[in-house]
Amino acid sequence: PADFYVWSSGLLQNADKVLNEEELKLFEQSKTTDEILHILTAEQADKGGMPRNNMKKTWEFKAEYLPDFAFAVSNTYLWDATSVQVGDKRVHVHAVYFKDSKDFHEVAAISRETIRLLSDSVMQVPFPYPQMTAFNGHFGMEFPMMVNDGDGENRNGTLFVTAHEIGHTYFPFYVGTNEHKYAWMEEGLITFL
């Protein structure tokens, strides 16, 4: 339905067809700034998102070389976006979350700084994907270009789960380890780092 939004592994291919003019402007602007832009605000979520007609929308995403994917769908999530310079490219960063989340309003900034830290200091290998979306789900789970983070019990919990799940971009996804057979090379290394 047209009042729902979709976020997914992969890059949105038809933003001009699924976002209205104001959303599209913020979406495009967020690709080139370190500023946190609020594409969907609490006020808009209370109204069921930006005004739309009653038609259906098809969201199209494209990605290459992903061993897995995830997506999230909502008509009530808030949506923040920003980006971060990594080497000679910018990584587009999104956080989508429940309006009453305790800490998720910080997750776009936490995600941006995690990607910067991993790329410049910890791994010293540029972040391998062009985008990262953190969505406010339950517990924590990693996917290429997306992470599912539950609300932390406190801010430190939110910092940990966000950084931890984004760190999985390197182990297992970038290096291609078998996460079921060699859990220590995935959970162990990322927790240590």
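For the structure itself, consult the block above.
Quick notes on the rules
- Residues numbered from 1 in each chain as written.
- Predicted model: local features only at pLDDT ≥ 70, side-chain atom pairs only at ≥ 80, totals over all residues.
- Heavy atoms only, no water.
- Salt bridge = Lys/Arg side-chain N within 4 Å of Asp/Glu carboxyl O.
- Helix = DSSP H or I, 4+ residues; strand = E, 2+ residues; numbered from the N terminus.
- Buried < 20%, exposed > 50% of the residue type's maximum accessible area, 1.4 Å probe, protein only.
- Phe/Tyr/Trp six-rings, centres within 6.5 Å; stacked < 30°, edge-to-face > 60°.
- 1 Å grid on protein atoms, 1.4 Å probe; cavity = no way out; pocket = protein on both sides within 12 Å on 5 of 7 lines; lining within 4 Å.
- Points joined across faces, edges and corners; volume = space filled by probe spheres on them.
- Nonpolar A, V, L, I, M, F, W, Y, C, P; charged D, E, K, R; others polar.
- Contact = heavy atoms within 4.5 Å.

1. Remarks on the pattern of salt bridges
For the structure on display, the rule yields seven salt bridges. The residue glutamate 106 makes a salt bridge to arginine 155 at a minimum N-O spacing of 2.8 Å. Here arginine 155 lies in helix α5 (residues 155-167) and glutamate 106 lies in the loop between β7 (89-97) and α4 (107-122), a separation of 49 residues in the sequence. Owing to a relative accessible area of 24%, glutamate 106 belongs among the partly exposed residues under this scheme.

2. Brief notes about the packing of aromatic side chains
All told, the structure shown has ten aromatic pairs when counted by the stated rule. Centroid distance tyrosine 97 to phenylalanine 104: 5.8 Å. Interplanar angle 40°. Geometry classified as tilted. Neither residue differs from the other here; tyrosine 97 and phenylalanine 104 are each classed as buried. For the pair tyrosine 170 and tyrosine 174, a centre-to-centre distance of 6.3 Å together with 85° between the ring planes defines the contact as edge-to-face. Here tyrosine 174 and tyrosine 170 lie together in helix α6 (residues 169-174), a separation of four residues that amounts to about one turn. Under the relative-accessibility criterion, tyrosine 170 is labelled buried at 2%.

3. What to know about empty space enclosed by the protein
On inspection of all chains with the given rule, the structure shows two cavities of 30 Å³ or more. Space inside the largest cavity adds up to approximately 80 Å³. In terms of lining residues, the largest cavity is bounded by Val6, Trp7, Ser8, Leu12, Phe27, Trp59, Phe61, Trp79, His94, Gln131 and Thr133. When residues in the lining of the largest cavity are grouped by element, the largest group, three residues, is from strand β1 (residues 5-8). Among the residues forming the lining of the largest cavity, the class breakdown is seven nonpolar, four polar and no charged.

4. Brief notes about the side chain of threonine 33
Relative to the helices and strands, threonine 33 is located in the loop between α2 (21-30) and β3 (37-40). We classify threonine 33 as buried; its relative accessible area is 17%. Here threonine 33 is in contact with Thr82, Ser83 and Arg90, once residues within four sequence places are set aside.

Fair warning: the whole summary comes from geometry, so function is off the table for now.
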